[in-house]
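# What the coordinates show
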Amino acid sequence: MNAETHEIPNRFDFAASATEIYDSWLKHGCFNADVDKSKKPFTIVIPPPNVTGALHLGHALNNTLQDIQIRLHRMQGYVALWMPGTDHAGIATQAVVERRLKEVENKTRHDLGRDKLVERIWEWKEQYEKRILGQLQRMGCSCDWRRTRFTLDEMCAKAVRTTFFDLFSKGLIYRGKRLVNWDAYLQTAVSDDEVFTETVKGNFFHLRYPFDSPQPGEPTFVTVATTRPETMLGDTAVAVHPDPVAALDKHERLLQEKLQAATAKDQPAIQSQLDELAARKVEVLPQLVLLAQMARDGRKLRLPLTDREIPLVADVWAKPELGSGCVKITPAHDPNDYEVALRCSLPMINIMNPDGTINENGGSFVGLPMAKARLKIVEALDAIELLEKTEDREIELKHSDRSKTPIEPYLADQWFVRMEQLAQSAMDAVTNGDVKIFPPRYASGYLDWLGEKRDWPVGRQLWWGHQIPIWSRSFELPADAQSLKFKIEAMPELSVGLINVSIEEPSTVHVCIRSEDAGLETKLQSLGLVRQADVLDTWFSSALWPHSTLGWPEQTPELEYFYPTSTLITSRDIITLWVARMVLMGLNNMGKVPFQEVFIHPKILDGYGETMSKSKGNGVDPLDVINKFGPDALRFGLTWLCTETQDVRMPVQFECPHCEALVNQTKDNRSKPLVLCDKCKKSFSTQWAETESDKAQPKAPVVSERFEVARNFVNKLWNASRFVMMNLEGFQPTKVDFDNLPLEDQWILSRLATVTKTVQSEIKLFRYAEAARAVYDFAWDHFCSLYVEMAKPRLQDPVARQLVQQILAHCLDSMLRLLHPIMPFVTESIWQQLARFAPTRDLHSDTPPSQWVILAPWPAVHDEHIRPKVEKQFSHFVDILGAIREIRSRQNIGPKESLKFCVRCEPAMKQLLAPMATFIESMAGATATEWSTSPTAPSINAHIGIEQMDVYVDLTQFIDVAAEISRNEKLLSNLVKQIQGKEGRLNNESFVSRAPADIIEKERQALSELVSQRDAAEQAILKLKKL
RNA sequence: GGGCGAAUAGCUCAAUUGGUUAGAGCACCACGUUUACACCGUGGGGGUUAGGGGUUCGAGUCCCUUUUCGCCUACCA
């Protein structure tokens, strides 16, 4: 044993060494990726985390998977660039900072003003960016930090300006009055993607609108229903279907068809709809026909609570099969009504201020918040008997994802990007395979979303973001706008492509400036042009990420070399928001797709299948896991769980700060400020602790015991390495003759070659869990449990020692490389120590290995080492071992007692396995007395039937007859069951005639093997019963 | 309403194109400190693959259907 190795502790002290290792990598520039045309590039851009807050476990998974690819490819000789950075995350970040401002200082953004608020947000950004990058580094992420970008930094700003200018010049940017999802709390429009729907309890109000001057025989009023009565202040019409007879008939036909196709279970529901329809034809239809005629005659209604006259219009949006068949039209606050207004040339009346109160168009209700106005209006209508009835109803209500407040549909000026061509290009890229999505099923969502080709609203009424680079001026007369346009077109800046101009009908001039230019801006201002206040949607800048981070629009060498990037690894919820937009922007700006492959990884859910989030209290900070289990365990644990087919459930625990017991997190305790430890009965605080007394309790980290497997594996690897190093004294690199190695050496090299092949191919196919499993099984079962155990006696043998040292060192060396991408710290730590004991140890090369495992070449796959025959033979040995151990255990024979056994087998098998007797001795405590075709079995024995062999363990001194009988009986019943199955199959005429020959042959052989084992077991039982 | 996915041991997950007795880890039981590791070793118990049909010589795997759950998506006044 080597004295030096006594210094190696029996645990990997990650807390002490991880930072040191990481810093060395940094210091030696191991993460740096520089253009080198003699090598191939491999590039990943990080999905830039939002600077809204710290990273959670989902980020840890996302970034671990990226780092694995980067480290693997770096070892395989690519110039592996991992581009890091963060996202300014527009609304999300401004909302967080504004909320804090309100909480801490009770101020709004208007109290501070634009510049001051933006300053505050920058402070927040600095703080969280630092924290986020720190988290990534503690996870071991090997990003090229020299290149760290931020979506709001100057390089990105330049890309944004250039892109915006280009789209503007191509006529793909326009401003229009559109309905937007208005977040009255944040006072900004949010995109459809930032909206979620929630079912809330509400009411369904039936209102009566009287006709101005009804003729005899005509109805005096129409009834309309709504869940939002306050919008009536903005009504500009009531609609009825132009041809209710035809519409109802059509509806009936559709229902009939549906009835035909429906299952028996669904039919009654459809039938009752048909019955209702029939009744409606009698009761409501005549009235609707009359109303349609009145609409054509241009009859007017009097809008209650206002003195406005509104028309009854005929439009197909009104469905005769629903409600009263009439519908109120509020174009400025409902997307469908807006369409109706466009079709029928109706005025659009906005009744809301940006802060969500009723504006001057609301008559006596002015100044009231929408919700209050609703109550007042219902009251007022009821008072004049125009409220027909009120029903309770559940309503699907849109909410802003950022402020969690209800959305008000609202008509506003918005900037849009025309998506027709851009979307098509991004669809084509996936359809034609330029971008491949894994797993492939996610491609359909991508294509469906793009297929709608909805124009992209890119303006946000925020202060945090890239301000839209457009200066505008509106005129009364179109002619004035035209003359300003001519003036601008005559400017020299336009002819050299620094500015461009467009007209928004009827009389607004927009000028776009290509890049930051104070002089030019002053010049425009002197022409009366004013800059747009809005900033761009945060996804506008992240859409440029793959090329903007590489220097675009400059034609940098990096851009040329690293673009298109290789792989994008992200989560499924931003396939449309981010992935699709990167593809179309990449195609627009670069003419090439931004990446060749996209891998969508699973989501991490808590033990109840719910998504993790800080606001629920079930979130996990990767640093908590790292502190408890270490960075390698975090990474391996996540990799181990990253299967392709489904999301991962991860039960979460509090770690008691008093006794370190893990206390299950439940739906109940996860929202409490204090939790009692099950074990030590002391209480600890959680993220919710606010009062002084609660905060006085120590806070519990939130972790998951799912990481124990991985932590144990790290320890196993550490100790196996420790064992190898302890036994490397006197190590000399040794040339080996592969074809004449002992069976066990051939076997482990065959396993090693196989696992190397598996790991690299699985990682490249994004089958991370399979890769982790393959290398885990190899290291634990094959290397530790078998090979190392077999090495123990050989190391004592001066003749065998040198060879086994060489194989051990080689296997350890390879294992460290194989595991490095997943577990970088522990492998690097061992690598450094191994160098002291075995400076050169590669079986295939005399040159010393690299100083760092991170820079070591990936192990070559030696196909010639893969020997299925050897692995098969070796499995006989493992079978014998297992069988003897089982008997030992069943017979309750202590480990110190030595057993004897003999084996019946053919000479070839004997030749092969007899040398393994030493190992059976050392690993099962049993000595072979004979290997022959007809051995003399001990008088009292336990028989083990194995393929092509019979093993008889001498039990003369140990027999526990009852135990042995029960072992045999269990074996027998198992065998009988299998034999019945096989016989049944082989006696089945159609199986024999239809199944492939090789399957039948396999079954026959298996059957005869089973039968002979059954006979042996039966005889053994008979014999035992006589004792 | 539409679409996608999932349901396998107490728990978390596997299982190539359909082909022996459905596998791991954790947890559980028994035994055990033996030249690395108790974060360990050896052995064991534990499954009607959600229910019901079908195709097939053969189904966890393919088809139909029911149930439950998750995600995306939609205009029901």
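What you see as residue numbers is a count from 1 along each chain, following the sequence as written. For this description, chains carry letters from A and ligands carry numbers from 1, given in the order in which they are written. Local features in this predicted model are restricted to residues of pLDDT 70 or higher, and side-chain atom pairs are both shown and tallied only at a pLDDT of 80 or more, whereas totals for entire chains, interfaces and linings draw on every residue. In computing side-chain properties, one takes all heavy atoms of the structure into account and sets aside hydrogens as well as water.

## Thoughts on the nonpolar core
By size, the foremost hydrophobic cluster in this structure holds 213 residues, and its most contacted members are Leu57, Tyr446, Phe540, Phe783, Phe877, Ile884 and Val953. Within this scheme, the nonpolar core is defined by two criteria: the residues are buried Ala, Val, Leu, Ile, Met, Phe, Trp, Tyr or Cys, and they are joined through side-chain atoms within 4.5 Å. Any residue under 20% of the maximum accessible area for its type is buried, any over 50% is exposed, and the rest in between are partly exposed; the area is computed with a 1.4 Å probe on protein chains only. The next biggest cluster of nonpolar side chains, apart from the first, holds 37 residues, and it includes Leu233, Val240, Ala295 and Leu386.

## Topic: the state of the cysteines
Counting rule for disulfides: a pair of cysteine sulfur atoms within 2.5 Å. Per the stated rule, a full pass over the model turns up zero disulfides. Here Cys143 is not disulfide-linked; the sulfur of Cys141 is the nearest cysteine sulfur, at 5.2 Å.

## Focus: the protein's contact with RNA strand B
Here a residue is near a molecule or strand as soon as one of its heavy atoms is found within 4 Å of it. Residues in contact with RNA strand B amount to 55 residues; listed here are only the nearest, Ala225, Arg649, Lys970, Gln978 and Arg994. When atoms of RNA strand B within 4 Å of the protein are sorted by moiety, sugar and phosphate together comprise 62%. Here a base oxygen of RNA strand B and a side-chain polar atom of Arg711 are 3.1 Å apart. By the criterion applied in these results, polar contacts are pairs of N or O atoms within 3.5 Å in which, for protein atoms, one can donate a hydrogen and the other can accept it, and in which residues neighboring in sequence qualify only through two side-chain atoms. Take Lys970: an N or O atom from its side chain is 2.2 Å from a phosphate oxygen of RNA strand B. Numbered from the N terminus, helices here are DSSP runs of H or I no shorter than four residues, and strands are runs of E no shorter than two. Here the surface near RNA strand B gets nine residues from one element, more than from any other, and that element is helix H24 (residues 708-726). Asp, Glu, Lys and Arg are counted as charged, while Ala, Val, Leu, Ile, Met, Phe, Trp, Tyr, Cys and Pro are counted as nonpolar; the rest, among them Gly, fall into the polar class. Of the residues contributing to the surface near RNA strand B, the split by class is 17 nonpolar, 14 polar and 24 charged.

## Section: the pattern of salt bridges
We define a salt bridge as a side-chain nitrogen of Lys or Arg found within 4 Å of a carboxyl oxygen belonging to Asp or Glu. This structure, assessed with the given rule, holds 54 salt bridges. Residue Arg71 is joined to Asp67 by a salt bridge in which the shortest nitrogen-to-oxygen separation is 2.7 Å. Within this pair, Arg71 and its partner Asp67 are both found in helix H2 (residues 57-75), separated by four residues, close to a single helical turn. Take Asp67: its relative accessible area is 0%, and that puts it in the buried class. In this structure, Arg1014 engages Asp1015 in a salt bridge whose closest nitrogen and oxygen atoms are separated by 3.5 Å. For Asp1015, a relative accessible area of 31% puts it in the partly exposed group. Each member of the salt-bridge network shares a partner with another, and the members are Asp34, Asp144, Arg146, Arg147 and Glu558.

## Some words on the packing of aromatic side chains
A pair of aromatic rings is counted whenever rings of Phe, Tyr or Trp (Trp by its six-membered ring) have centres within 6.5 Å, and the orientation is called stacked for planes under 30 degrees apart, edge-to-face for over 60 and tilted otherwise. Going through the model one piece at a time under the given rule, you end up with 31 aromatic pairs. Measuring from centroid to centroid gives 4.5 Å for Trp124 and Tyr128, while their planes differ by 25°, and the two rings are stacked. Taken together, the residues span about one helical turn, with Trp124 and Tyr128 both in helix H5 (residues 114-139) at a distance of four residues. Each member of the pair, Trp124 as well as Tyr128, is classed as buried. Seen from their ring centres, Tyr776 and Trp780 are 5.5 Å apart, and the 35° between their planes marks the pair as tilted. Of this pair, Tyr776 and Trp780 are both found in helix H26 (residues 768-796), four residues apart, which corresponds to roughly one turn of the helix. Given a relative accessible area of 16%, Tyr776 falls into the buried group. Owing to a relative accessible area of 22%, Trp780 belongs among the partly exposed residues under this scheme.

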